[in-house]
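So you can see what is in the structure, the chains are spelled out below.
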Amino acid sequence: MSIRPNDGDAMELDCRYVLHIPLSKWENGEVVPLDVDDEIEELIFCLEVQGFDGFYLTKVKSHYKSRRYDELLVTIFAGDGDGPCEIFRDWFFRHNDVLCQEAFAVEVNNRMIIGQMGFDIEG
């Protein structure tokens, strides 16, 4: 059976958004794990309030500048223009005092956007 976007109740969500949340910070020459459970719960709440009631949380191993660390990927599929970019950006910047990251990374469809604090995402 194949599903086409115009089949009855089928819905096509053609945009993919992925927020990369490092679960460690670089401090004094080493990777230090972060406790961000409360911050992640706040992000989940913010997403749900804005109508994103289905998304994926995937823990992965990442590698950057010879550092290996855990990372949480928050993946949302949405219609064009309905994405969570502003929520992702605002949450990340609001909590960077805990995250202590040099940059923010989000995927929008097949593009990876990496920006310093204060940049805007065009989704």
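Since we're looking at a predicted model, the values are computed, not measured.

Trainee: So what exactly am I meant to see when it comes to the packing of aromatic side chains here?
Mentor: For any two aromatic rings, the description comes down to two numbers: the centre-to-centre distance and the angle of the planes. Within this structure, the stated rule accounts for 4 aromatic pairs. Centroid distance tryptophan 91 to phenylalanine 92: 6.4 Å. Interplanar angle 65 degrees. Geometry classified as edge-to-face. Like tryptophan 91, the residue phenylalanine 92 is buried in the burial classification. Between phenylalanine 93 and phenylalanine 104 the ring centres are 5.6 Å apart and the planes differ by 55 degrees, which places this aromatic pair in the tilted class. Here phenylalanine 93, found in helix α2 (residues 85-94), pairs with phenylalanine 104, found in strand β6 (residues 104-108); they are 11 residues apart in sequence, far enough to count as distant. According to the relative accessible area criterion, phenylalanine 93 is partly exposed, its value standing at 23%. Here the aromatic cluster, defined as three or more aromatic residues joined through ring pairs, consists of Trp91, Phe92, Phe93 and Phe104. Positioned above the aromatic ring of tryptophan 26, the side-chain terminus of arginine 67 is 4.0 Å from the ring centre.

Trainee: What is the right way to read the packing of helix α1 (residues 37-49) against α2 from this model?
Mentor: The description of two packed helices rests on the angle between their axes and on the distance between the axes. For the pair α1 and α2, the least separation of the axes is 11 Å and the interaxial angle reads 155 degrees. By the angle class used here, α1 and α2 are roughly antiparallel. Along this stretch, α1 crosses α2, giving a crossing that reads as right-handed. Between α1 and α2, the residues in contact are Glu39, Ile40, Glu42, Leu43, Cys46 and Leu47 and Ile87, Phe88, Trp91 and Arg94, respectively. Of the residues belonging to the contact of α1 with α2, the class tally is 7 nonpolar, no polar and 3 charged.

Trainee: Help me understand the pattern of salt bridges, please; the structure alone is not making it clear to me.
Mentor: Pairing between side chains becomes possible if they bear opposite charge and their charged atoms approach one another. Summed over the entire model, instances satisfying the criterion amount to 7 salt bridges. Between arginine 94 and glutamate 42 there is a salt bridge, with its nearest N and O atoms 2.7 Å apart. On the criterion of sequence distance, the pair formed by arginine 94 in helix α2 and glutamate 42 in helix α1 is long-range, its members being 52 residues apart. Arginine 94 gets classed as partly exposed once you look at its relative accessible area, which sits at 44%. For glutamate 42, a relative accessible area of 26% corresponds to the partly exposed category.

What counts as what
- Residues numbered from 1 in each chain as written.
- Predicted model: local features only at pLDDT ≥ 70, side-chain atom pairs only at ≥ 80, totals over all residues.
- Heavy atoms only, no water.
- Phe/Tyr/Trp six-rings, centres within 6.5 Å; stacked < 30°, edge-to-face > 60°.
- Buried < 20%, exposed > 50% of the residue type's maximum accessible area, 1.4 Å probe, protein only.
- Helix = DSSP H or I, 4+ residues; strand = E, 2+ residues; numbered from the N terminus.
- Lys NZ or Arg CZ within 6 Å of the ring centre and 35° of its normal.
- Axes fitted to C-alpha atoms, helices over the stretch in contact; angles between N-to-C directions.
- Parallel < 35°, antiparallel > 145°, perpendicular 65-115°, else oblique.
- Left-handed = near helix turned anticlockwise from the far one by under 90°.
- Contact = heavy atoms within 4.5 Å.
- Nonpolar A, V, L, I, M, F, W, Y, C, P; charged D, E, K, R; others polar.
- Salt bridge = Lys/Arg side-chain N within 4 Å of Asp/Glu carboxyl O.

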